[in-house]
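# Examining the three-dimensional arrangement
Now for the letters of each chain:
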Amino acid sequence: MEQKKQIVIIGAGLTGLSLAWYLKKYGHTALVIEKTHTPGGVMQTVSEGGFVYETGPNTGVIGTPDLVDLLGGLSGSCTPERASRRGVKRYIMYKERWHALPCGPVSGLFTPLFSMRDKFRILGEPFRKPGTDPYESVADMTVRRMGRTILNYAVNPFISGIYAGDPAKLTTQYALPKLYALEQNYGSFIKGAIRKARLPKTDEEKQVTREIFSAEGGFGNLTSALVEKTGAENIVCSAQNVCVEPAGKRYTVSYTVNGQKTSVDAHTVVSTTGSHEIAGLFPFIPKAEITPATSVEYAKLVQVAVGYNKWTGFKLDAFGGLVPAREQRSMLGILFPSAIFKGRAPEGGALLSVFMGGVQKPEVLEYTDNEIEKLVYYEIESSLYPGQAPDLVRITRHSHAIPQYGPNTGRRLDAIAIIEQRYPGIYLAGNGRDGIAMADRVKQARTLAGKINSDI
Ligand SMILES: Cc1cc2nc3c(=O)[nH]c(=O)nc-3n(C[C@H](O)[C@H](O)[C@H](O)COP(=O)(O)OP(=O)(O)OC[C@H]3O[C@@H](n4cnc5c(N)ncnc54)[C@H](O)[C@@H]3O)c2cc1C
């Protein structure tokens, strides 16, 4: 079968679906080709036995004007749900017990998480010289500006929670670009944050609240709303052997569904898959060009949804708890979705979401379900709810969960730019670049839709 389409998007995760929708707003209908049987990528919600759990991200942060725009555009089809006030509180594990992360100077002074020396060092942060190494790791930058205990008991668990990564391997400029810019532009994080807060903001920027959010009924409803807006007829699922080949100044994208091969003629092809999939999609691009553009380590993650019909354990009055690597536990962190969102567990019960693995313990992905369950029971029993078996345990393994933006990122972005210049109409998007959070994905999609619209 042969079809003529102008724009093909490969991958129907948040990036691909948002891109299709923003292109539609410009008047372009794109065809989205997805290899799994359902759109949404890692954002999938399951309702089972009175629990509503996520198998991918549990929460997002309203962190860019683009996400505000997307959520506004989906109103009527999907209702965003802001986390309850408990969502601002986070626990950090220290010597096998949960301690609230300080949220002000008084709690900061009395917390056991940081040494007295580092607590006072923070006061000197605005007066410390900015760094000069553009490839400085997040770990080195933290120790230089704030101290080792801040690295161990604030930044390390924070990086586990976001990147499932190791602060020593992530490069600040690429992994935390906003923080890097604060130091470079204002000389200090504290000074920079204060000055930035005083800058005038557009109406859209004023809505960037940095609040934690989900969608009512889970993120599956957000991606379903995007499918509805994009038009389900423009999305092909269960597409195998997706392959792009040049055809004169255009491209032929072929794929197979249920044994039937389809070829699509397009002038624009956008990949929104993880970087590890890209070389296979564009076999005509020489290895010497594609390898440097796509070489990025992905953290492996195991997520375990754990449900209790009745909960009388530790008071779940927070977003969740993060575990510093120094504590040597088998989990990276545990979220309390039913404490901050409605309808995630039966009345009086609780839903927890345990994260394991990451770059520091990738081997967890290979453990059997039984081994993972035993580790999860131990973690919950010992710190949250002794002597109570859960009513629901569901394990999801992500072999390529989160890309790690390390020191080669700049060279990788250059290699991507060369490919996009050499093969006009090809765009290599997705989470290998421009940020890993949902808000970043939507920002990339919206920006790229504008670029494609002006390029064609
Ligand atoms: C476990 C987990 C927890 C997370 N937690 C958070 C969080 O708390 N907050 C936050 O902001 N972000 C979080 N993230 C990150 C966020 O979810 C992702 O950045 C975002 O959802 C990625 O969307 P995407 O479309 O770029 O990629 P994906 O969702 O991976 O979508 C890519 C799509 O491409 C398809 N595909 C791949 N190869 C091919 C091929 N060869 N042919 C056709 N299709 C293909 C895939 O099947 C997939 O559907 C988390 C991610 C994970 C995995």
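No experiment lies behind these values; they were computed from the predicted model shown.

### What about the site of the ligand?
Around the ligand there are 30 residues in total, and Thr-15, Glu-34, Thr-59, Ile-436 and Met-438 lie nearest to it. A distance of 3.2 Å separates a nitrogen atom of the ligand from a polar atom in the backbone of Lys-35. Take Val-42: an N or O atom from its main chain is 2.9 Å from an oxygen atom of the ligand. For the ligand, whose accessible area on its own is 1000 Å², the fraction buried by protein is 88%. Among the elements that take part in the shell around the ligand, strand 20 (residues 392-403) stands out by supplying 3 residues, more than any other. Inspection of the shell around the ligand shows a minimum of three residues originating in each of domain 1 (2-41 + 219-296 + 405-455) and domain 3 (297-403).

### Describing empty space enclosed by the protein
On inspection of all chains with the given rule, the structure shows 2 cavities of 30 Å³ or more. Of the volumes computed, that of the largest cavity is approximately 50 Å³. As for the largest cavity, its lining consists of Gly-131, Thr-132, Asp-133, Pro-134, Glu-136, Met-141, Arg-144, Thr-172, Tyr-180, Glu-183 and Gln-184. Taken together, the elements giving at least two residues each to the lining of the largest cavity come down to helix 5 (138-145) and helix 8 (177-186). Residue contributions to the lining of the largest cavity peak at 3 residues, all from helix 8.

### Overview of the pattern of salt bridges
On inspection of all chains with the given rule, the structure shows 22 salt bridges. The salt bridge partner of Arg-446 is Asp-66, with a shortest N-O separation of 3.0 Å. Of this pair, Arg-446 sits in helix 17 (residues 438-455) while Asp-66 sits in helix 2 (residues 65-73), placing them 380 residues apart in sequence. A salt bridge links Asp-455 to Lys-451; the nearest nitrogen and oxygen atoms lie 3.2 Å apart. With Asp-455 and Lys-451 both in helix 17 and 4 residues apart, this pair spans about one turn of that helix. Classification of Asp-455 as partly exposed rests on a relative accessible area of 43%. Judged by its relative accessible area of 40%, Lys-451 falls in the partly exposed class. Ionic contacts of the salt-bridge type, sharing partners, join the residues Lys-25, Asp-66, Asp-69, Glu-204 and Arg-446 into one network.

### Considerations on the packing of helix 8 against helix 9 (residues 189-198)
The geometry of helix 8 relative to helix 9 is characterised by a closest axis approach of 8 Å and an angle of 90° between their N-to-C directions. The orientation of helix 8 with respect to helix 9, classified from their angle, is roughly perpendicular. On the side of helix 8, the interface is formed by Leu-179, Leu-182, Glu-183 and Tyr-186, while helix 9 contributes Phe-189, Lys-191, Gly-192, Ala-193, Arg-195 and Lys-196.

### A few points about the sheet that holds strand 15 (residues 268-271)
Read from one edge to the other, the open sheet built from 5 strands follows the order 11-3-2-15-21, with strand pairing classed as parallel. With one partner strand each, in any of the chains shown, strand 11 (235-236) and strand 21 (426-428) form the two edges of the open sheet. For strand 2 (residues 7-10) and strand 3 (residues 30-33), the ladder comprises 4 bridges, and the chain directions are parallel. Following the sheet pairing, Ile-10 is matched in strand 3 by Ile-33. Most of the contacts of helix 17 go to strand 21, to which it runs at about 165°, and overall it touches strand 2, strand 15 and strand 21.

### Regarding the environment of Thr-36
With respect to the helices, strands and loops of the structure, Thr-36 is situated in the loop between strand 3 and strand 4 (45-48). In this structure Thr-36 comes out as partly exposed when scored by relative accessible area, which is 35%. A C-alpha to C-alpha distance of 42 Å links Thr-36 and Ile-150, two positions 114 residues apart in sequence. In contact with Thr-36, other than residues within four places in its own chain, are Cys-237 and Ser-238.

### Some thoughts on the domain arrangement of the chain
Under the domain assignment used here, the chain contains domain 1 (2-41 + 219-296 + 405-455), domain 2 (114-201) and domain 3 (297-403). Across the boundary between the two partners, domain 2 contributes 13 residues, which contact 14 residues of domain 3. Regarding the contact of domain 2 and domain 3, the summed buried area is about 1100 Å², with carbon and sulfur atoms giving 58% of it. Broken down residue by residue, the surface that domain 2 buries against domain 3 is led by Tyr-153, Pro-157 and Ala-164, which jointly contribute 40%. Inspection of the region where domain 2 meets domain 3 yields 0 salt bridges. In this assembly, domain 2 and domain 3 are joined by 3 residue pairs in polar contact (both at pLDDT 80 or more). Of the residues assigned to the side of domain 2 that touches domain 3, the class counts are 7 nonpolar, 5 polar and 1 charged.

### Describing the pairing of strand 8 (residues 90-94)
For strand 8, a buried count of 4 out of 5 residues is recorded, marking the element as mostly surrounded by other parts of the structure. Two elements, strand 8 and strand 9 (residues 97-100), share 4 bridges in a ladder whose sense is antiparallel. The residue bridging Ile-92 from the neighbouring strand is His-99, located in strand 9. Counting the residues between successive antiparallel strands, the hairpin from strand 8 to strand 9 contains 2 residues, one of them, Lys-95, with a positive phi of roughly 50°.

### Topic: the nonpolar core
If you look at the biggest cluster of nonpolar residues, it comprises 39 residues, and the most contacted ones within it are Leu-19, Leu-23, Leu-70, Leu-222, Leu-226 and Ile-452. Broken down by secondary-structure element, the contributors of at least two residues to this core are strand 2, helix 1 (14-25), strand 3, helix 2, strand 10 (212-215), helix 11 (219-230) and helix 17. Beyond its immediate chain neighbours, meaning those up to four positions away, Leu-222 contacts Leu-14, Leu-70, Leu-71, Leu-74, Cys-78, Phe-213 and Ala-215. By size, the runner-up hydrophobic cluster in this structure holds 38 residues, among which are Leu-113, Ile-150, Phe-319 and Ala-401.

Conventions and cut-offs
- Residues numbered from 1 in each chain as written.
- Predicted model: local features only at pLDDT ≥ 70, side-chain atom pairs only at ≥ 80, totals over all residues.
- Heavy atoms only, no water.
- Near = heavy atom within 4 Å.
- Polar contact = N/O pair within 3.5 Å; in protein donor to acceptor, adjacent residues only side chain to side chain.
- Areas by Shrake-Rupley, 256 points an atom, 1.4 Å probe, with all protein chains shown as cover.
- Helix = DSSP H or I, 4+ residues; strand = E, 2+ residues; numbered from the N terminus.
- Domains from an automatic or database assignment.
- 1 Å grid on protein atoms, 1.4 Å probe; cavity = no way out; pocket = protein on both sides within 12 Å on 5 of 7 lines; lining within 4 Å.
- Points joined across faces, edges and corners; volume = space filled by probe spheres on them.
- Salt bridge = Lys/Arg side-chain N within 4 Å of Asp/Glu carboxyl O.
- Buried < 20%, exposed > 50% of the residue type's maximum accessible area, 1.4 Å probe, protein only.
- Axes fitted to C-alpha atoms, helices over the stretch in contact; angles between N-to-C directions.
- Parallel < 35°, antiparallel > 145°, perpendicular 65-115°, else oblique.
- Contact = heavy atoms within 4.5 Å.
- Pairing = 2+ DSSP bridges.
- Buried area = accessible area lost by both parts, 1.4 Å probe.
- Nonpolar A, V, L, I, M, F, W, Y, C, P; charged D, E, K, R; others polar.
- Core = buried A, V, L, I, M, F, W, Y, C linked by side-chain atoms within 4.5 Å.

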